[in-house]
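Close look at the chain arrangement
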Amino acid sequence: MSTQDKHREDLVATPARFPLREVVLFAALLAAILGIYALMGAAYSTRMLVEAACYAILALGLTIQWGYAGQFNAGVMGFVALGGYCAMAVSVPVNGAFWDSDLPGELARVLLYAVAATGLVFGATRLDRLGVPKKLRTLIAVVLAVVLYLVVISLLREVTGEIQSRAGFVGGLGLPAWTGWIVGGALAGAVGYFIGHICLGLRSDYLAIATLGIAEIIKAFLKNSDWLTRGTATVSPLPWPTPGPAELGFTLSRAIYLSVTAVIIAVIFFLLHRAYHAPWGRMIRAIRDNEISAAAMGKDINRRRLEIFVLGCILMGIGGGVLTTFNSLFDPNGYLPLNHTFLVLVMVILGGPGNNLGTLFGAVAVYLIWIMSEPLALALMSLAVHIGDLWFAWEPPRNIESRALQARVFVIGLLITLVLRFAPKGLLPEKVKHHG
């Protein structure tokens, strides 16, 4: 009998392990959810589950970047903001004050100037092919870029100022909200493709710094582009793809929205599961574990790393669109690093990087802890104040509500410390099958 036949017999004879840990953890999570429903009511609890499901999409995007390929993306916030902007721009009703004027033509003219300026700068970078020395070519390209940027930005400010004064902002397209989710994923993937070409050659710590900086640039652009996003004035309300609270009430409408997000997660989970166990997934993990050996086997390292980075960005854009639509509000100031980067990172760490099922568990569990830590801390503080006043005549501290709100940061920090100490690979670690 050959070695290959023996190996096949071993694989067939190996009994499947009963997923005891998974059953226990998800049963405990279900019990916690039922307890929250009993304590907080159906409307509030359903809203919390919808938001947790949206964060699960973001966490799946991060776990395939970090868990599959070892790419630490600290710019989750930027791609979430792009998805939220697209959800707003596509679904908000058309602004007649803008489209019925001459402003669209003026804006298109300036954008054409920007495209032409980009082409001229790109052509200047290729002057060395005509015999121009490289140093002179670089000098010409830099000077041309600065001059053309100043010209285009001056023209753009004139047009955008007119848009703000005459129409408020550009407005939307009046299309169904779910089309904005698709556009948001596509835009986040396109930006991720551009960023990946620049940043994926960096080491992991420099990649984190670069992606975080780019996310802040995206946030600053959306915040200061009043003509495009209304900036700090926000855009609200955003239409839902399902019947809203006005038609069905808060509980039923949120339950239907939760069903939609559950279907999206199921489709993403199925596709990622198939990809993970396919030759593509084994190749990605081989690049993560030993890049030199994978390159020696003829694998295109840069291309595969770019693929996984873009795929994760697409999921972040979709999740950002779904979350923004559910909140029915687009506010560029709402995309905070703590909420959309650190919190998603804790979800992936708790569940287990590289394990899709663990990521779903971590996303729901961490979000429930994040939300419920405030009312629980407030209840404990109120009890302590009552006991202190009753037994010792203590004077209660001021701003107890704000102190309870700060407690959630302490709880998340304590949680990640305990996980890293006792389960560094997560509660549901990645399962890698070794062949041969």
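Residues numbered from 1 in each chain as written. Predicted model: local features only at pLDDT ≥ 70, side-chain atom pairs only at ≥ 80, totals over all residues. Heavy atoms only, no water.

A few words on the overall build of the protein. Looking only at helices and strands, one finds 18 helices and 0 strands in the protein. Across its three principal directions, the C-alpha atoms of the protein cover 75 × 75 × 45 Å. Split into buried and exposed, the 436 residues of the protein put 42% on the buried side. Long-range pairs, those at least 24 residues apart, make up 82% of the contacts in the protein between residues at least 6 apart in sequence. Accessible surface, the protein as shown: approximately 23,100 Å² in total, 68% of it carbon and sulfur. (Helix = DSSP H or I, 4+ residues; strand = E, 2+ residues; numbered from the N terminus. Buried < 20%, exposed > 50% of the residue type's maximum accessible area, 1.4 Å probe, protein only. Contact = heavy atoms within 4.5 Å. Areas by Shrake-Rupley, 256 points an atom, 1.4 Å probe, with all protein chains shown as cover.)

Relative to the helices and strands, F18 is located in the loop between α1 (3-13) and α2 (20-40). The exposure class assigned to F18 is exposed, which follows from its relative accessible area of 58%. Sequence-wise, F18 and L418 are 400 residues apart; in three dimensions their C-alpha atoms are separated by 26 Å.

To continue, consider the confidence of the model for the protein. Taken over all residues, the pLDDT of the protein has a mean of 86, while the share at 70 or more is 93%. Residue range residues 6-14 is modelled with pLDDT below 50. Its contacts to residues more than four positions away, or to other chains, number 4 contacts. (pLDDT = per-residue confidence, 0-100.)

Evaluated as defined, the whole model comprises 12 aromatic pairs. Centre to centre, the rings of F26 and F361 are 5.4 Å apart; their planes meet at 65 degrees, and the pair counts as edge-to-face. Taken together, the residues span a long stretch of sequence, with F26 in helix α2 and F361 in helix α17 (residues 356-392) at a distance of 335 residues. We classify F26 as partly exposed; its relative accessible area is 28%. The class for F361 is buried, based on a relative accessible area of 6%. Pairing Y257 with F326 gives two aromatic rings, centres 5.1 Å apart and planes at 50 degrees, and the pair type is tilted. Of the two residues, Y257 sits in helix α12 (residues 250-276) while F326 sits in helix α15 (residues 301-327), which places them 69 residues apart along the sequence. Site record: aromatic cluster; members linked through ring pairs are W181, W240, Y257 and F326. The ring of Y276 has R285 sitting right over it, with the charged end atom 4.1 Å from the ring centre. Between the NZ or CZ atom of R421 and the centre of the ring of F422, over which it lies, the distance is 5.0 Å. (Phe/Tyr/Trp six-rings, centres within 6.5 Å; stacked < 30°, edge-to-face > 60°. Lys NZ or Arg CZ within 6 Å of the ring centre and 35° of its normal.)

Turning our attention to the side chain of S253. Of note, S253 is situated in helix α12. Engagement of the side chain of S253 in a polar contact is seen with the backbone oxygen of G249, the distance being 2.6 Å. (Polar contact = N/O pair within 3.5 Å; in protein donor to acceptor, adjacent residues only side chain to side chain.)

This next bit is on the side chain of T179. Counting through the fold element by element, T179 comes out in helix α8 (residues 177-199). A residue is classified by how much of its surface remains accessible, and T179, at 16% relative accessible area, is buried. Polar side-chain contacts of T179 include one of 2.4 Å to the backbone oxygen of P176.

In the contact formed by helix α13 (residues 279-289) and α15, the axes pass within 10 Å of each other and the chain directions differ by 110 degrees. Classified by the interaxial angle, the pair formed by α13 and α15 is roughly perpendicular. Each of W280, M283, I284 and I287 in α13 lies in contact with α15, whose residues at this interface are I301, R304, R305, E307, I308 and L311. The residue makeup of the contact of α13 with α15, split by class, is 7 nonpolar, no polar and 3 charged. (Axes fitted to C-alpha atoms, helices over the stretch in contact; angles between N-to-C directions. Parallel < 35°, antiparallel > 145°, perpendicular 65-115°, else oblique. Nonpolar A, V, L, I, M, F, W, Y, C, P; charged D, E, K, R; others polar.)

Let us now look at unusual backbone geometry. Here S236 and P237 are connected by a cis peptide whose omega angle stands at 0 degrees. You can see P237 is positioned in the loop between α10 (226-229) and α11 (245-248). Phi angles above zero are rare outside glycine, and R230 is one such case at about 65 degrees. Looking at the element boundaries, R230 is found in the loop between α10 and α11.

With 16 residues, helix α4 (residues 76-91) should cover 22 Å at 1.5 Å per step; its first-to-last C-alpha distance of 23 Å lies within 8% of that length. Within α4, 16 of the 16 residues are buried, leaving the element largely enclosed by the surrounding structure. (Expected span 1.5 Å × (residues − 1).)

We now examine a nonpolar patch on the surface. Residues L136, L139, I140, V143, V147 and V151 make up a contiguous nonpolar surface patch of about 480 Å² in total accessible area. By the element assignment, L136 lies in helix α7 (residues 134-166). (Patch = residues over 30% accessible without salt bridge, like charges linked within 9 Å, V, L, I, M, F, W, Y side chains within 5 Å. Salt bridge = Lys/Arg side-chain N within 4 Å of Asp/Glu carboxyl O.)

The next point concerns the state of the cysteines. Scanning all chains against the criterion turns up 0 disulfides. Residue C86 stays outside any disulfide, its sulfur separated by 13 Å from that of C313, the closest cysteine. For C86, a relative accessible area of 5% translates into the label buried. Looking at the unpaired C199, the closest cysteine sulfur is the one in C313, lying at 10 Å. (Disulfide = S-S within 2.5 Å.)

Among the secondary structure elements, S225 is positioned in the loop between α9 (204-224) and α10. Once you skip the residues sitting within four places of it in the chain, S225 turns out to touch R230 and G231. Looking at S225, its side chain comes within polar contact range of the main-chain oxygen of F221, at 2.6 Å.

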